[in-house]
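Residue-level structural notes
Below, each chain spelled out in residue letters.
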Amino acid sequence: MADQEDFAERFERLKGKECRVHDIEIKGYKRTRTSIIEREFKTVREAKTLDELKDTLLDASTKLSELDIFHSVDIFCDAGPEDLPGTTNLIVTVSEKDVHNITGGYYIQGSEQSVEGSVKLRNFFGSAETWELNAGFGNQKSTAYTASFLQPRVFGGESQVEMRAFKTENSNEKSSSFVEGLTGFSTHFYSGDHELAYEWAWRLLSPTKLASQSVRDQAGYSLKSALKYSYMLDARNNPYIPTRGYAFRFNTEVAGLGPGSSLERPKRDFLGGDLMMNATAAFTFEFPHRLFQDMRARGQAFVSAGNIMGVGMGISDTKKVANDFKSSFRVSAGVGVVMPSPLGRIEINYCQVIRRNETDRIRQGLQIGIFPIGSI
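Given the structure is predicted, the values throughout are model-derived calculations rather than measurements.

The rules we used
Residues numbered from 1 in each chain as written. Predicted model: local features only at pLDDT ≥ 70, side-chain atom pairs only at ≥ 80, totals over all residues. Heavy atoms only, no water. Helix = DSSP H or I, 4+ residues; strand = E, 2+ residues; numbered from the N terminus. Buried < 20%, exposed > 50% of the residue type's maximum accessible area, 1.4 Å probe, protein only. Contact = heavy atoms within 4.5 Å. Areas by Shrake-Rupley, 256 points an atom, 1.4 Å probe, with all protein chains shown as cover. Phe/Tyr/Trp six-rings, centres within 6.5 Å; stacked < 30°, edge-to-face > 60°. Pairing = 2+ DSSP bridges. Axes fitted to C-alpha atoms, helices over the stretch in contact; angles between N-to-C directions. Patch = residues over 30% accessible without salt bridge, like charges linked within 9 Å, V, L, I, M, F, W, Y side chains within 5 Å. Salt bridge = Lys/Arg side-chain N within 4 Å of Asp/Glu carboxyl O. 1 Å grid on protein atoms, 1.4 Å probe; cavity = no way out; pocket = protein on both sides within 12 Å on 5 of 7 lines; lining within 4 Å. Points joined across faces, edges and corners; volume = space filled by probe spheres on them. Expected span 1.5 Å × (residues − 1). Arc of directions from axis to C-beta. pLDDT = per-residue confidence, 0-100. Core = buried A, V, L, I, M, F, W, Y, C linked by side-chain atoms within 4.5 Å.

Next up on the list: the overall build of the protein. Along the backbone of the protein there are 8 helices and 17 strands. Across the 376 residues in the protein, those meeting the buried criterion constitute 33%. Nonlocal contacts in the protein, meaning residues at least 24 apart in sequence, comprise 53% of its contacts between residues at least 6 apart. Total accessible area on the protein stands at roughly 23000 Å², and carbon and sulfur atoms take up 57% of it.

The following block contains the structure:
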C-alpha cells in the first residue's frame, strides 16, 4: 500500500514532464498483421507528456482487448536512447487466442425449446475478422442456418461491418397459425449504439388451417427487400442480472425496395401490424438464504406493457392511430427467480395477464426461459 501511494505521489509530481515515444516493439503475434496492432498506437505516438502517454496507452490497450483476438496485452515502458532525453521505448507483448472456437447451447424462449451450435474462425487471416457458421433446431419445427463474416474497426475507425447468408424457418403455428421461411442475405453496419442494415430475402409463408384471412391472403412466395435501422442504449450495470440502469431499443424498417419486392409483412393473428412498442420495469432483490447467494440467484418482480397494431398505408388521422394504440395496450405482471448460467440468463417466473384484448390468446402461470446474454 505504501509503495502504491509513493508511486501515485511521484506520478502526480512528474505527470507534466515531457515524454515522447521513440520506438514501439511488438512481440508475441503469429497470425495478426502488425498493422492491426500498430494502428491502435497512433495517438500514443502523438503523446507529449507522461500523463498523455498514460491515457493513450490505456486507450490502446482497451481497443486491442475489444478486438477479442488476444488473451492478454502487456505494455512495458523502457527508457529511450541516452542521446534523446524525455523519450521512451515501448515493448508490446500480445498472446493470441485460438483461431477455432466451438460453442453450443440449449435455449427456452416462450413455448419453444431449441438447440444451437456454432463454429467460429477468429482472426484466421490476421485482420481481426470473424467467420462463423451457426445452426439451430427448435422443437416446433423452427430451423436456422447462418454463415457470417464480421470485420471490426473498418478503415481504422470505430465501426464494424457484418455480412450474413441465411436460411431460416420460423414456426408461429401455436401463436399465429403460420410458418415463415426465409432464404437470403443481409449486410449490417454498426457504429456505436447504431445499426444500419439491408436485407434481401426470398420468403415463403405457409398458413395452417387456423390462420386468419389476412395471413391466408399473403400465403406463398414473395420477395423481401428492406432497409432497417436500430438504436440500442444499454446503461445496465450487468447484462446477466442488472440491478441498476436501463436499456432501450428502437427499431424501424422500410420494406418494398426494388422491383418485385413487397411492402407488406405477415400480420399476426393475435397481434400484427406496423407500429410496435413494449416496456418492462423490474425490481430485483437478494434472497437471505446462502444457497441462493452462492448460485447468484435473485428474486424479481416485474410489470410489462406493450402493443402492436397495423396502421395501414396512407393513414392520415395520426391522432386516431395514437388513441387506438394507447387504448389497446396489453399489460402483464409477475414474480420469479433469475440467475446467470453459461447458456445465458435463466428465469423461472409466475406470470399473470392484467390487461388484454378479446382476441388475444394468452398463456399465464409458471413459465421457464433461458435467454442469451444481454437480451432485453
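We now examine the packing of aromatic side chains. For the structure on display, the rule yields 12 aromatic pairs. Summarising the aromatic geometry, the rings of Tyr 231 and Phe 248 are spaced 6.3 Å apart at their centres and angled 55° between planes, so their arrangement reads as tilted. Linking Tyr 231 in strand β11 (residues 220-234) with Phe 248 in strand β12 (residues 247-255), this pair joins segments that are 17 residues apart in sequence. Judged by relative accessible area, Tyr 231 falls into the partly exposed class, the value being 23%.

Once that is clear, we can look at the sheet that holds strand β3 (residues 87-96). The strand order across the open sheet formed by 3 strands is β1-β3-β2, and the pairing between neighbours is mixed. Sheet topology places β1 (20-27) and β2 (70-79) at the edges, where each strand pairs with a single neighbour. This sheet shows a mean twist of 20° between the axes of neighbouring strands, independent of strand direction. Across 9 bridges, the pairing between β2 and β3 is antiparallel. Following the sheet pairing, Ser 72 is matched in β3 by Ser 95. Across the sheet, helix α4 (residues 50-66) lies against β1, β2 and β3, angled at about 160° from β2, the strand it touches most.

With that settled, consider a nonpolar patch on the surface. Side chains of Phe 189, Leu 196, Leu 227, Val 254 and Leu 257 sit close together on the surface and give an oily, nonpolar patch of about 410 Å² of accessible area. Position of Leu 227 relative to the elements: it lies in strand β11.

Bringing the layout of surface pockets into the picture now. Of the voids in this model, the second largest pocket is the one considered here, and its volume is about 430 Å³. Around the second largest pocket, the lining is made up of 17 residues, and of these Cys 19, Leu 50, Leu 53, Cys 77 and Thr 88 lie nearest the centre. At the level of secondary structure, the elements contributing two or more residues to the lining of the second largest pocket comprise α1 (2-14), α4, β2 and β3. Among the elements that take part in the lining of the second largest pocket, α4 stands out by supplying 5 residues, more than any other.

This paragraph deals with α4. A rise of 1.5 Å per residue sets the reference length of α4, with its 17 residues, at 24 Å; its end C-alpha atoms lie 24 Å apart and thus fit the reference within 8%. Buried within α4 are the following residues: Leu 53, Thr 56, Leu 57, Ala 60, Lys 63 and Leu 64. An end-on view of α4 places all buried positions within 130° of arc, on one side of the element. Looking at α4, the residues exposed on the side facing more than 90 degrees away from the buried face are Leu 58 and Glu 66. Looking at the buried side of α4, the elements it contacts are β1, α2 (34-38), α3 (42-45), β2 and β3. Residue Asp 68 follows α4 closely and has a positive phi angle near 60°.

Now for the confidence of the model for the protein. Predicted coordinates in regions of low pLDDT should not be interpreted in detail. Here the protein averages 84 in pLDDT, and 87% of its residues register 70 or above. Confidence drops under a pLDDT of 50 for residues 263-272, and excluding neighbours within four residues, the segment shows 40 contacts in the predicted structure.

Let's shift gears to the nonpolar core. Ile 24, Ile 37, Phe 41, Val 44, Leu 53, Leu 64 and Phe 70 are the most contacted members of the largest nonpolar core, which totals 21 residues. Elements with a minimum of two residues in this core: β1, α2, α4, β2 and β3. The dominant element in this core, judged by the number of residues it contributes, is α4, at 4 residues. Aside from chain neighbours lying at most four places away, what touches Phe 41 is Ile 24, Leu 57, Ala 60, Leu 64, Ile 75 and Val 92.

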